[in-house]
Structures are given as structure tokens and as C-alpha cells.
Amino acid sequence: MKIPFVSFLPMEKELRNDIYDAFDRVFTRSWYIEGVEDEAFEQAFADYCGTEYCVGVGNGLDALMLALKALDIGEGDEVIVPSNTYIATALAVTYVGATPVFVEPDIRTYNINHSLIEAAITEKTKAIIPVHLYGQVCEMDSILEIARKHNLRVVEDCAQAHGATYKGQKVGTFGDVAGFSFYPGKNLGALGDAGAVVTNNKDIADKIRALGNYGSDYKYHHIYKGNNSRLDEMQAAFLNAKLPHLDKMNVERRRIASMYTSGINNPKIIKPYVLPDCIPVWHIYAIRCAERDALEKYLNEKGISTNKHYPIPIHLQKCYKDLNIPEGSLSIAEEISYTELSIPLYYGMTDEEVKYVIDAINMFKE
Ligand SMILES: *Cc1c(COP(=O)(O)O)cnc(C)c1O
């Protein structure tokens, strides 16, 4: 049996007509930037998250970067980010001229360890970016308490967690502002690059909208030296077609994840731990294994595609050499990099396929 790491086919088959209608609506209007689809999506996504405002932007990296800019974070400032995340979280900090300061994750949840945050705070620290990695929410109560105590801003990175909840509250509603990515493979994906920020703060929303539109609050009036990062009408229309199906797709991901959790019983495998207060949306089902590379090869030979999130921790990437963080100093992020394996999980994956993956993992010996 051949099992891809991710397949869009079941989703595309189900939503084909909705997607074609979306295309047709935009094409018939001949209006491609800043229009009714963007407006409708922003309203719908704000309603979905439970925030006052949503501003569509070009991608998830821009969402975080514009959020930091809107909070006046820049040169000379430090921003706390988890050491285990996709590089975009750190790049957003770098792009505004600030310095990312890495805090290690909790080895059980893979998310930032809140009890290590205070030790990383200096007088330059301006914000914390909790990343709800793999679709599981960070321990937001503790993080918000630390932020309040030290007067720090909180920018949530929700790129992998659309719809995930902590104590019944959706991600994106805890901090000052939150960034989402709609990269095609995310839980809610466009058919290209797209992103959004959500916030309850009108000033932040207005500033982000202006910053992503050449710094302009009114046509040809430029109040900031902005850039160009907008959610285009075509992608907004596709997102309008897909958003009503997000919850159903997340439920399906949870069903597959729970099959994995109850079915995988190989003592060599560490399964993901879920916080009692969190309902995850399983962007990724991350297992760990001391013999990860052998497991990967074995599964690939059985036709099961896998992935690693992420094979090289950010502090050891070439581009961040200048931070001078030597190997071994963020040992938990490194441990995750060397032992983590992501197994197939996507909407429409059949029970037979899930069982095939479970059986293969349970038969792994070496
Ligand atoms: C995907 C992702 C981003 C960046 O989103 P893009 O739309 O690809 O720019 C940021 N943070 C995390 C955690 C991500 O997974």
C-alpha cells in the first residue's frame, strides 16, 4: 500500500464545485485585490475565531511580521520565541530588526515551556510569541500571567492550529494579536499563499491593514513605510469556500489521531502528549523514536511517506550563525529534531490506511 504524507485529493473531490464557483465569482467580477471576497472572509474568520477583527495578508510570515511591526517592535528589542518551531516564527522577529531569544519546549507537548520563559526576559524583551505547534495549544494561562507581570506583548503564532482550543477558548484570542497561515497544507489552506491576523484591538488591526497596503490608510496617502501583503480575492474566495468545512475536517483529523494514539503500542515509540485543557487540531501527528532514521527508512520502504518537523533546529541553521548559539545549548529542541517523525494524517485518509500505518509502526523492531 502507498500512503502519502498528505493528500488533498479527498478534500478537492468533495469541494470541487464550491472551489470552481469561487473562481467563477471572482473571475466574473474581474476584481482581484481588496474586494468583497476578502471582506467576507475577514468577517467570517473573525467570527470563527471569536475576535473583533481579522485582516487578510499575503502569508503567515507576513502576518507575524506585520503584527510585530504594528506593536512597534524593532531594532534593539528582544522577542521570546520557542526553540522548537518552524523558522518563520524567528524570521518574523529578524525581519522587523529585533532579536529572537529562544526558550526550550516542554519535551512532552513540544510547545514552549512556560516555566523557562521568565529566565529569558531582559529589559530589552518586548514580546512573547507562543507557537501552537503541531495543532496543540500552549499553556496560555501561565504565558499571559508572565506577559502581564513583565508588561510584554503576546503575539500568537497560530499557523498550525486553526480552531484548536484551550479551556474551551480558540487560539488567536489569547494574545494582543495572532498570525495565521493559509499555506495549502495547513488545516485551513488556500490554493496558494495566504495569511491573516486576528485581534480585538482596532488600532492594531488598522495599522496592520495600512502596513500591508504600502503603509497607506487612504489611497495615495502613506502614513507608514509599508509593504505589499494583501489577501487577494481569488485566495479569499477559495478560503470562503473552505472555511465552512474546517471544523468537520478538524474532527476527522482528531478521529485519525485517536486511532493512532490507541493503536500504536510499540514501546520504542513515544506518542504525543495532549494537555488536559487542550483540544488539538493535529496539524501534525508527531511521534518520537530513538532510532528515528531507521524507523523512517523502514516506513518509507513499506510505502508510507513521512516527514520531519523539523530536522535542523533554528539555532543551528546557517542563516542564524550570527546568534552564536552553539550545538548542545538548546538540547531539548535538538533532541526533538533528532527523534521526531511525522506520520501521515489528512482529511479523507481511510481507516484501512491508518491501520496499515499503525501495524507497520507496531512491527518496527531493529
Ligand atoms: C507555516 C508556518 C508559518 C508561516 O506561514 P507561511 O504562510 O508559510 O508564511 C509560521 N509559523 C509556523 C509555526 C508555521 O507552521
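Scroll up for the structure.
Residues numbered from 1 in each chain as written. Predicted model: local features only at pLDDT ≥ 70, side-chain atom pairs only at ≥ 80, totals over all residues. Heavy atoms only, no water.

## Observations regarding the pairing of strand 5 (residues 153–157)
- Of all five residues in strand 5, four are buried, a share of seventy percent or more.
- In terms of strand pairing, strand 5 meets strand 8 (residues 177–181) through three bridges, oriented parallel. What sits directly across from valine 155, in strand 8, is valine 177. (Buried < 20%, exposed > 50% of the residue type's maximum accessible area, 1.4 Å probe, protein only. Helix = DSSP H or I, 4+ residues; strand = E, 2+ residues; numbered from the N terminus. Pairing = 2+ DSSP bridges.)

## So, the site of the ligand
- Close contacts around the ligand come from 13 residues, with Gly60, Asp157, Gln160, Ser181 and Lys186 the closest.
- Taking serine 181, its side chain carries an N or O atom lying 2.6 Å from an oxygen atom of the ligand.
- More than half of the atoms of the ligand fall within 2 Å of the grid points belonging to the largest pocket.
- At the level of secondary structure, the elements contributing two or more residues to the shell around the ligand comprise helix 3 (60–70) and helix 4 (87–95). (Near = heavy atom within 4 Å. Polar contact = N/O pair within 3.5 Å; in protein donor to acceptor, adjacent residues only side chain to side chain. 1 Å grid on protein atoms, 1.4 Å probe; cavity = no way out; pocket = protein on both sides within 12 Å on 5 of 7 lines; lining within 4 Å. Sits in = over half its atoms within 2 Å of the grid points.)

## Examining the layout of surface pockets
- Reported here for the largest pocket is a volume of approximately 600 Å³.
- Lining the largest pocket are 32 residues, and of these Tyr86, Tyr183, Lys186, His283 and Tyr310 lie nearest its centre.
- Taken together, the elements giving at least two residues each to the lining of the largest pocket come down to helix 3 and helix 4.
- No other element matches helix 4, which puts four residues into the lining of the largest pocket.
- When the residues that make up the lining of the largest pocket are grouped by side-chain class, the tally is 18 nonpolar, 10 polar and four charged.
- Quantified by volume, the second largest pocket comes out at close to 310 Å³. (Points joined across faces, edges and corners; volume = space filled by probe spheres on them. Nonpolar A, V, L, I, M, F, W, Y, C, P; charged D, E, K, R; others polar.)

## Topic: the side chain of serine 342
- One can find serine 342 in strand 15 (residues 340–343).
- Ignoring sequence-local partners within four residues, the contact set of serine 342 consists of Phe5, Ile284, Tyr285, Thr306, Asn307 and His309. (Contact = heavy atoms within 4.5 Å.)

## Thoughts on the sheet that holds strand 14 (residues 285–289)
- The strand order 12-14-15 describes an open sheet built from three strands, whose pairing is antiparallel. Only two strands of the sheet have a single neighbouring strand rather than two, namely strand 12 (269–270) and strand 15.
- Relative to strand 15, strand 14 runs antiparallel, the two being bridged by four bridges. What sits directly across from alanine 286, in strand 15, is serine 342.
- Taken strand by strand, helix 9 (residues 292–301) contacts strand 12, strand 14 and strand 15, and its axis lies near 25 degrees from that of strand 15. (Axes fitted to C-alpha atoms, helices over the stretch in contact; angles between N-to-C directions.)

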